[in-house]
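Below are the chains, spelled out letter by letter.
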Amino acid sequence: MKVMEKSKKGPALLGKDGNALVSLIVINVVVFVVIKFIEIIFYFSKLDVVIYNQTLLSQFALVSDAKNLLSSPWAIFTYMFIHNNLIGMLGNMMWLWAFGYILQDLAGNKKIIPLYIYGGIVGAIFFIAAHYIIPSSHTGLDHMLGAGIPLIAVCIATTTLAPQYRIFPFLAGGIPLWIVTAIFVLINMYNFQSQFPKW
């Protein structure tokens, strides 16, 4: 009942002050632009991309070895705002907009940022734990960056709130949101390792 009552208020509009979804997307885009600008500086300074990865990305990306958190504890937070390639960033922001818009419609404007951050932190803890259960030498993955993990949290939370929510209602009554979520999670997990540069 509470969800339905809140949804009647309507989602925060794109240009409305305090739109948390827009703020979250803007933060991701701005961080991407800054990171790429620094990479361009490295390139024109004729510095190896490996140096860029080791001196910059390694400080903000989440490394699977828990010992690294002692030297860069902020990485458990910063990794979820850093994207290394344009296609990955745009894809994540499109999914974030789609699910975030529905979430704001259902639960209001104040839920998405805490959900994004807490989901990212919980995902980071699982990622580090998995390193010790399934060594990275077997997976080829020793670090993580990007909005993929917190975005999964947003998708699952949105679907949990309204599993029968339908999109594209003009297509035979619409597609249930849980189907879209399942497809997104499968695609995201399949492309997981390709998102990260080799260090």
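Higher on the page you've got the structure.
Sequence order as written defines residue numbering, which begins from 1 separately in each chain. Residues qualify for local features only when their pLDDT is at least 70, as the model is predicted, and side-chain atom pairs are given and counted only at 80 or more; totals for whole chains, interfaces and linings, by contrast, use all residues. The basis for the side-chain values is all heavy atoms of the structure; hydrogens and waters are excluded.

Participant: Explain the overall build of the chain to me, and be specific about the residues and the numbers.
Facilitator: A run of H or I in DSSP counts as a helix once it spans at least four residues, and a run of E counts as a strand once it spans at least two, with each numbered from the N terminus. Helices and strands together make up the secondary structure of the chain, namely 10 helices and 4 strands. Within the chain, the proportion of its 199 residues that are buried is 41%. Areas reported here follow the Shrake-Rupley algorithm with a probe of radius 1.4 Å; residue values treat only the protein chains shown as occluding. Accessible area of the chain: about 11400 Å², with a carbon and sulfur share of 73%. A simple rule labels every residue: compare its accessible area, found with a 1.4 Å probe on the protein chains alone, to the largest value its type can have, and call it buried under 20%, exposed over 50%, or partly exposed in between.

Participant: Which residues make up the side chain of N92, and what values do they have?
Facilitator: Structurally, the position occupied by N92 is in helix α6 (residues 86-107). On the accessibility criterion, N92 (6% relative accessible area) is buried. Residue contacts are defined here by distance: any two heavy atoms, one from each residue, within 4.5 Å place the two residues in contact. What N92 contacts, discounting residues up to four positions off in sequence, is H83, A147, G148, L151 and N188.

Participant: Describe the pattern of salt bridges, naming the residues involved and giving the relevant values.
Facilitator: The salt bridge criterion pairs a side-chain nitrogen of Lys or Arg with a carboxyl oxygen of Asp or Glu, the two atoms within 4 Å. Applying the stated criterion across every chain yields a total of 1 salt bridge. Of the charged contacts, one joins E39 and K36 as a salt bridge, the two residues approaching to 2.7 Å between their closest N and O atoms. On the criterion of helical spacing, the pair formed by E39 and K36 is a turn pair, its members being 3 residues apart in helix α2 (residues 20-44).

Participant: Can you explain the packing of α2 against helix α7 (residues 112-133)? Please cite residues and give values.
Facilitator: At a closest axis distance of 8 Å, the pairing of α2 and α7 adopts a crossing angle of 45°. By the criterion of interaxial angle, the relationship of α2 to α7 is oblique. Contacts between α2 and α7 involve A20, L21, L24 and N28 from the first element and I112, I113 and Y116 from the second. Any residue that is not Ala, Val, Leu, Ile, Met, Phe, Trp, Tyr, Cys, Pro, Asp, Glu, Lys or Arg is counted as polar, Gly included; the first ten are nonpolar and the last four charged. The residue inventory of the contact of α2 with α7, partitioned by class, reads 6 nonpolar, 1 polar and no charged. Only the stretch in contact is used when a helix axis is fitted, and all axes are lines through C-alpha atoms; the angle between N-to-C directions ranges over 0 to 180 degrees. Comment on the angle field: the value is read as roughly parallel under 35 degrees, roughly antiparallel over 145, roughly perpendicular from 65 to 115, and oblique elsewhere.

Participant: Let's hear about the packing of α6 against α7: which residues, and what values?
Facilitator: How two helices pack is summed up by the angle between their axes together with the distance between the axes. Taken N-terminus to C-terminus, the directions of α6 and α7 make an angle of 125°; their axes are 10 Å apart at the nearest point. Considering the angle they form, α6 stands oblique to α7. On α7, the residues that touch L96, G100, L103 and Q104 of α6 are I112, L115 and Y116. Taken together, the residues of the contact of α6 with α7 break down into 5 nonpolar, 2 polar and no charged.

Participant: I'd like a description of the packing of aromatic side chains, backed by residues and values.
Facilitator: Working definition: a ring pair exists when centres of Phe, Tyr or Trp rings (six-membered ring for Trp) sit within 6.5 Å. Plane angles under 30 degrees give stacked, over 60 give edge-to-face, the rest tilted. Within the structure shown, the criterion is met by 6 aromatic pairs. Where W95 meets F184, the ring centres are 4.7 Å apart and the plane angle is 50°; that geometry is what we call tilted. Residue W95 is found in helix α6, and its partner F184 is found in helix α10 (residues 177-190); the two are separated by 89 residues along the sequence. By way of ring pairs, the aromatic residues F77, F81 and Y116 are connected into one cluster.

Participant: Talk me through empty space enclosed by the protein; I want residue IDs and the actual numbers.
Facilitator: The method works on a 1 Å grid over the protein atoms by themselves. A cavity is a set of points holding a 1.4 Å probe that cannot get out, a pocket is an open set with protein on both sides within 12 Å along at least five of seven lines, and residues with an atom within 4 Å of a point line them. Grid points are joined across faces, edges and corners, and a volume is the space filled by probe spheres set on the points. Counting across every chain of the model gives 2 cavities of 30 Å³ or more. Counted as a void, the second largest cavity has a volume near 30 Å³. Lining the second largest cavity, in full, are S58, A61, L62, V63, N68, L69, S72 and A75. For the lining of the second largest cavity, the secondary structure elements donating two or more residues are β1 (62-63) and α4 (68-71). Split into classes, the residues belonging to the lining of the second largest cavity amount to 5 nonpolar, 3 polar and no charged.

Purely geometric stuff here, so don't read any function into it on its own.
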